[in-house]
Amino acid sequence: ETGVTQTPRHLVMGMTNKKSLKCEQHLGHNAMYWYKQSAKKPLELMFVYNFKEQTENNSVPSRFSPECPNSSHLFLHLHTLQPEDSALYLCASSQAQGGYTFGSGTRLTVV
Amino acid sequence: AQSVTQPDIHITVSEGASLELRCNYSYGATPYLFWYVQSPGQGLQLLLKYFSGDTLVQGIKGFEAEFKRSQSSFNLRKPSVHWSDAAEYFCAVRGYSTLTFGKGTMLLVSP
């Protein structure tokens, strides 16, 4: 365990479904991140939250909707996804200028 | 903007042999540098980091890396590779805000 917990570990959803990914950290970090990792592509930063406020959105389609109710929890709400959205979604947290601590990821398959 | 280049997509090393994974970065000021390792289906685990001071940093699992400002490099080394080191390795640089990752180097270990 790294201190960052992601659930579920695996998710299969249809293109018309709505689902949510959850990330939780109890490391006292003040920043949280969503990354997308697709096969043969570099890690893509999706969203950044600092002290619960979204500070970065890297042109992510609106079918991905993040939510950060407090500095320990981060969600990624998914709706009407496309097959190309199938990927490993990684959550991370950090404190100040330190390195990131990653969760184990959610393997998402869109059918 | 900051960037990271890992020139080797795949590297194969015999078990017991030494290892060096290359990383070059681009950043205007003194960077914060990191190496992460990712096993299949898992999140990223921090191996080591450089913030300042001694340019040779020691990490977990017997890894070390050397920061060379003149070459804008932060190469990862291990004197004797074990089969369990087979994984994907990511170099990353942190500037003002977020972490930027290289595309990764896949390490294969042969018997």
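Let me begin by describing the structure that accompanies this report.

Concerning the overall build of chain A
Counting secondary structure elements, chain A contains zero helices and eleven strands. The secondary structure elements of chain A, listed N-terminal to C-terminal, are β-β-β-β-β-β-β-β-β-β-β. Relative to a compact globule of 111 residues, whose C-alpha radius of gyration would be 13 Å, chain A shows 13 Å and is just as compact. Seen through its principal axes, chain A has C-alpha atoms that stretch 40 × 25 × 25 Å. Across the 111 residues of chain A, 48% fall into the buried class. Taking the intrachain contacts of chain A between residues at least 6 apart in sequence as the baseline, contacts between residues at least 24 apart amount to 52%.

Quick word on the state of the cysteines
All names here are of chain A. In this structure the tally under the stated criterion is two disulfides over all chains. Paired by a disulfide, cysteine 23 and cysteine 91 hold their sulfur atoms 1.9 Å apart. Linking cysteine 23 and cysteine 91, the disulfide has an S-S dihedral of approximately -75° and is accordingly described as left-handed. Taken as a pair, cysteine 23 in strand S3 (residues 18–25) and cysteine 91 in strand S9 (residues 87–94) lie far apart in primary sequence, 68 residues in all. Each member of the pair, cysteine 23 as well as cysteine 91, carries the same accessibility label: buried. The structure places no disulfide on cysteine 68, whose sulfur is separated from the nearest cysteine sulfur, that of cysteine 91, by 9.0 Å. Given the relative accessible area of 11%, cysteine 68 is considered buried.

Side note on the side chain of serine 94 of chain A
In this structure, serine 94 of chain A sits in strand S9. Here serine 94 of chain A falls in the buried class, since its relative accessible area comes to 0%. Looking at serine 94 of chain A, its side chain comes within polar contact range of the side chain of tyrosine 33 of chain A, at 2.7 Å. Ignoring anything within four residues of it in the chain, the contact list for serine 94 of chain A reads His29, Asn30, Ala31, Tyr33, Gly99 and Tyr100 of chain A together with Arg94 of chain B.

Regarding unusual backbone geometry
Look at the link from threonine 7 of chain A to proline 8 of chain A: it is a cis peptide, with omega at -10°. Phi at lysine 52 of chain A takes a positive value of approximately 75°, unusual for a residue other than glycine. Mapped onto the secondary structure, lysine 52 of chain A falls in the loop between strand S5 (44–50) and strand S6 (53–57). Backbone geometry at lysine 61 of chain B places phi at a positive 60°, although glycine is not the residue there. Along the chain, lysine 61 of chain B falls in the loop between strand S7 (56–58) and strand S8 (64–68). With a relative accessible area of 46%, lysine 61 of chain B lands in the partly exposed category.

Description of the pairing of S5 of chain A
Residue and element names in this part refer to chain A. Among the seven residues of S5, five are classified as buried, and the element is accordingly described as predominantly covered. Alignment of strand S4 (residues 31–37) against S5, held across six bridges, turns out to be antiparallel. Bridged to alanine 31 within S5 is asparagine 50. Hairpin connection of S4 to S5: six residues between the antiparallel strands, including lysine 40 at a positive phi of 65°. Pairing between S5 and S6: four bridges, direction antiparallel.

A look at the nonpolar core
Judged by nonpolar contacts, the single largest core of 26 residues is most densely connected at Leu19, Trp35, Leu47, Leu48, Phe74, Leu76 and Tyr89 of chain B. Contributing elements (two or more residues each) for this core: strand S2 (10–14), strand S3 (19–21), strand S5 (32–38), strand S6 (44–50), S8, strand S9 (73–78), strand S10 (87–94) and strand S12 (105–110) of chain B. In terms of residue count, the dominant contributor to this core is S10 of chain B (four residues). If you look at the next biggest cluster of nonpolar residues, it comprises 22 residues, including Cys23, Met32, Leu81 and Val110 of chain A.

Describing the packing of aromatic side chains
Per the counting criterion, the structure on display carries 17 aromatic pairs over all chains. Plain terms: the ring middles of phenylalanine 102 of chain A and tyrosine 36 of chain B are 5.6 Å apart, the flat faces sit at 85° to each other, and that makes the pair edge-to-face. Taken together, the positions of phenylalanine 102 of chain A in strand S10 (residues 101–102) and tyrosine 36 of chain B in strand S5 put the pair across two chains. For phenylalanine 102 of chain A, a relative accessible area of 1% translates into the label buried. For tyrosine 36 of chain B, a relative accessible area of 0% gives the class buried. With centroids separated by 6.4 Å and ring planes inclined at 45°, the aromatic side chains of tyrosine 50 of chain B and phenylalanine 74 of chain B adopt a geometry described as tilted. Note that tyrosine 50 of chain B is positioned in strand S6 and phenylalanine 74 of chain B in strand S9, a separation of 24 residues in sequence. Taken as a pair, tyrosine 50 of chain B and phenylalanine 74 of chain B share a single burial class, namely buried. Aromatic ring contacts, followed pair by pair, group Tyr33, Tyr35, Tyr100 and Phe102 of chain A together with Tyr32, Phe34, Tyr36, Phe51, Phe90 and Phe101 of chain B into a single cluster.

What counts, and where the lines are drawn
- Residues numbered from 1 in each chain as written.
- Chains lettered and ligands numbered in written order.
- Predicted model: local features only at pLDDT ≥ 70, side-chain atom pairs only at ≥ 80, totals over all residues.
- Heavy atoms only, no water.
- Helix = DSSP H or I, 4+ residues; strand = E, 2+ residues; numbered from the N terminus.
- Rg over C-alpha atoms; globule rule 2.2 N^0.38 Å.
- Buried < 20%, exposed > 50% of the residue type's maximum accessible area, 1.4 Å probe, protein only.
- Contact = heavy atoms within 4.5 Å.
- Disulfide = S-S within 2.5 Å.
- Polar contact = N/O pair within 3.5 Å; in protein donor to acceptor, adjacent residues only side chain to side chain.
- Pairing = 2+ DSSP bridges.
- Core = buried A, V, L, I, M, F, W, Y, C linked by side-chain atoms within 4.5 Å.
- Phe/Tyr/Trp six-rings, centres within 6.5 Å; stacked < 30°, edge-to-face > 60°.

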